[in-house]
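A look at the structure
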Amino acid sequence: MGIDLEGNVDVDYPIISADSHIAEARNTYVDYIDPKWRDVAPRVEWTEERGDVYVIDGMKRTIDMGLIAAAGQKPEELKRSAAYEDLPRSSYDSTTRTADQDRDGVSAEVIYPSVGMVLCNHPDADYQKAAMDAYNRWITEYCSVDTDRLLAVGQTALRSVEEAIDDIEAMAEAGMRGVMMSGNPHTEFDFDDPRWDPFWQAAVGLKLPLSWHILTSRGQGRSRGPKANAFMTIIRANQDIMGTLVFGGVFERNPDLKVVCVEADAGWVPHYMYRMDHAYKRHRYWLPPSQELSKLPSEYFREHIYTTFQDDWVAFKMVNDVNHRRLLWANDFPHSDSTWPWSQELLDEHSAHLTPQQQRDILCNNSAELYDIDLTTLPVGGDRLATAAA
């Protein structure tokens, strides 16, 4: 790695996005779902006001495709309304995906759903299971064109511990690289309950990282004030889950478990770790009588929790206040928050102060280690890849 005469960071390794997405194709659910659910499967419908939207039976909310796949648009261009034909083709057609990766200087992507994020909040566990199974079939096929550069993350409805274990075993068999968890299991007990321990152990044994993405928890609450303020609320549910895992002793009981807090940024982590330690030192007797932690909460966070971020410049600034081996950069393609196709320009600015090792870890090594990525199969990323694709 070096810096050229124009101040651009020149890398000699792959750059991996730890959180990218797809815009589920028109047929993702209707063609891949169990036939008995086909009449009510999530589907695309045209509306005069909002263009193509995804409709999910049993949920009032429809999904505007205009913001799901708005990468590359200027702020003044962002709008909810869009037709599928106007979306970036690679967001639903994988045959063009690597070309768009190249344009952004990205060598590989860990790919999450979009409609599937909303499905995590569906109240009907059986419907959720059918739809998520359909998605897993579709995304496996989508990524099959290049399983080195397109790394699928599957979904499970979490109807029971036993079924969730079966689900992730099937994901591993299908070659998936990770599991996107719903923020709320359908069991009567939460993630901190020891009854979930067999699931955590199964994920460790299968080497499938477990992820919680923003906007996948029910009951996040309504924001106050202007609609823009809602943007500030969306990381809180993820913080709550991470706290549940730490204070609930999940990592104490499962010392090899690693999880990912996705798209909730990372600049808040130093203060959050301080706050957890403060709570434990002053109020640890609020924990259940049998709940023991042998370390400070911040120590569990530093070792067991990865956080992904895009243009969170604070995250780049505070690398020495956290475990930088748990920071994962991402471009969030093709969502409206995406840094595509300006990722290299952003990284030139935000990561220039990092040591070469810190930069390589955050942009490449951390994701490669977590997701067992063979770096020899990937092109070198960065400005050279983007320039060659231009």
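Reading guide: rules and limits
- In every chain, residue numbers begin from 1 and rise along the written sequence.
- Predicted model: local features are reported for residues with pLDDT of at least 70 only, side-chain atom pairs are reported and counted for 80 or more only, and whole-chain, interface and lining totals are derived from all residues.
- Side-chain numbers come from the whole structure's heavy atoms, not from hydrogens or water.
- Working definition of a nonpolar core: buried Ala, Val, Leu, Ile, Met, Phe, Trp, Tyr and Cys residues. They are joined through side-chain atoms within 4.5 Å.
- Think of it in three bands: with a 1.4 Å probe and only protein chains considered, a residue is buried below 20% of the maximum accessible area for its type, exposed above 50%, and partly exposed in between.
- Whether two residues are in contact is decided by their heavy atoms: any pair within 4.5 Å suffices.
- In the sections that follow, a salt bridge refers to a side-chain nitrogen of Lys or Arg positioned within 4 Å of a carboxyl oxygen of Asp or Glu.
- Numbered from the N terminus, helices here are DSSP runs of H or I no shorter than four residues, and strands are runs of E no shorter than two.
- Strands pair, by our definition, only if DSSP identifies at least two bridges between them.
- The axes are straight lines fitted to the C-alpha atoms, using for helices just the contacting stretch, and the angles between their N-to-C directions are given from 0 to 180°.
- The classification used treats Ala, Val, Leu, Ile, Met, Phe, Trp, Tyr, Cys and Pro as nonpolar, Asp, Glu, Lys and Arg as charged, and all other residues, Gly among them, as polar.
- One fewer than the residue count of a helix, multiplied by 1.5 Å, yields its expected span.
- Note that bend, as reported per residue, equals the angle between axes fitted to the 7 residues terminating at that residue and the 7 residues originating from it.
- We place a 1 Å grid over just the protein atoms. Points where a 1.4 Å probe fits but has no way out form a cavity, open points with protein on both sides within 12 Å along at least 5 of 7 lines form a pocket, and any residue with an atom within 4 Å of a point lines it.
- Grid points are joined across faces, edges and corners, and a volume is the space filled by probe spheres set on the points.
- The definition of a right-handed crossover adopted here requires that, viewed with the strands pointing away, the path from the first strand over the helix to the second runs clockwise.

Quick look at the nonpolar core
A general trend in soluble globular proteins is that nonpolar side chains are found buried together. Grouped together as the largest cluster of nonpolar side chains are 95 residues, with contacts concentrated most on Ile139, Phe199, Trp200, Leu210, Trp212, Leu245 and Trp329. Filtering out sequence-adjacent residues up to four positions away, Ile139 remains in contact with Ile22, Ile111, Ala152, Val153 and Met176.

Digging into the pattern of salt bridges
For the structure on display, the rule yields 21 salt bridges. The partner of Arg325 in a salt bridge is Asp361, with the nearest N and O atoms 3.7 Å apart. In this pair, Arg325 is assigned in the loop between α11 (313–317) and β13 (327–329) and Asp361 in helix α13 (residues 356–371), connecting sequence segments 36 residues apart. Residue class for Asp361 comes out buried when judged on its relative accessible area of 3%. Sharing partners across several salt bridges, the network here consists of Arg26, Asp52 and Glu85.

Regarding the sheet that holds strand β9 (residues 178–181)
Strand order in the open sheet formed by 8 strands is β3-β7-β8-β9-β10-β11-β12-β13, and the pairing between neighbours is parallel. Sheet topology places β3 (16–21) and β13 at the edges, where each strand pairs with a single neighbour. Across the sheet, the mean angle from the axis of one strand to that of its neighbour is 30°, orientation sign disregarded. Summarising the sheet, strand β8 (residues 150–155) and β9 pair through 3 bridges and their orientation is parallel. Bridged to Gln155 within β9 is Met180.

Observations regarding the packing of helix α9 (residues 269–283) against helix α10 (residues 297–304)
Close contact between α9 and α10 brings their axes to 7 Å; oriented N to C, the two are set at 145°. Of α10, the residues touching α9 (which contributes Val269, Tyr272, Met273, Met276, Asp277 and Tyr280) are Pro297, Ser298, Phe301 and Arg302. When the residues that make up the contact of α9 with α10 are grouped by side-chain class, the tally is 7 nonpolar, 1 polar and 2 charged.

A closer look at the sheet that holds strand β4 (residues 43–47)
If you walk across this open sheet you meet the 3 strands as β4-β5-β6, and the pairing is antiparallel. A single partner strand is all that each edge strand has here, and the edge strands are β4 and β6 (63–64). Taken together, the 2 bridges between strand β5 (residues 51–55) and β6 define a ladder with antiparallel strand orientation. Among the inter-strand pairings, Tyr54 is bridged to a residue of β6, identified as Ile63.

So, unusual backbone geometry
With an omega dihedral of 0°, the bond running from Phe333 to Pro334 counts as a cis peptide bond. Secondary-structure assignment places Pro334 in the loop between β13 and α12 (343–350). The peptide bond linking Trp340 to Pro341 adopts the cis configuration, its omega dihedral lying at 0°. Take Pro341: it is sitting in the loop between β13 and α12. In this structure, Glu263 takes a positive phi of about 65° despite not being glycine.

Examining α13
For α13, spanning 16 residues, the distance from its first C-alpha to its last is 22 Å, which sits close to the expected 22 Å at 1.5 Å a residue. The largest bend along α13 measures about 55° and falls at Ile362. Most of α13 sits out of view: 12 of its 16 residues are buried. Among the residues of α13, those classed as buried are Gln358, Gln359, Asp361, Ile362, Leu363, Cys364, Asn365, Asn366, Ser367, Ala368, Leu370 and Tyr371. Immediately beyond the C-terminal end of α13, within one or two residues, lies Asp372, with a positive phi of roughly 55°.

What about empty space enclosed by the protein?
Summary: where empty space remains is shown by rolling a probe the size of a single water molecule over the atoms. All told, the structure shown has 2 cavities of 30 Å³ or more when counted by the stated rule. Its volume calculated, the largest cavity comes out at about 70 Å³. Lining the largest cavity, in full, are Ala266, Val269, Met273, Phe301, Arg302, Ile305, Thr307, Met318, Val322, Asn323, Arg326 and Leu327. Elements that contribute at least two residues to the lining of the largest cavity include exactly α9, α10 and β12 (305–309). Looking at the lining of the largest cavity residue by residue, the classes come out as 8 nonpolar, 2 polar and 2 charged.

Describing the pairing of β8
Taking burial as the measure, the 6 residues of β8 include 6 buried ones, the bulk of the element. Of the two faces of β8, both are covered, the one formed by Leu150, Ala152 and Gly154 as well as the one formed by Leu151, Val153 and Gln155. Note that strand β7 (residues 108–112) and β8 share 3 bridges and pair parallel. By the bridge assignment for β8, Glu109 is matched with Leu150. Between the parallel elements β8 and β9, the chain passes through helix α5 (residues 161–173) in a crossover that is right-handed.

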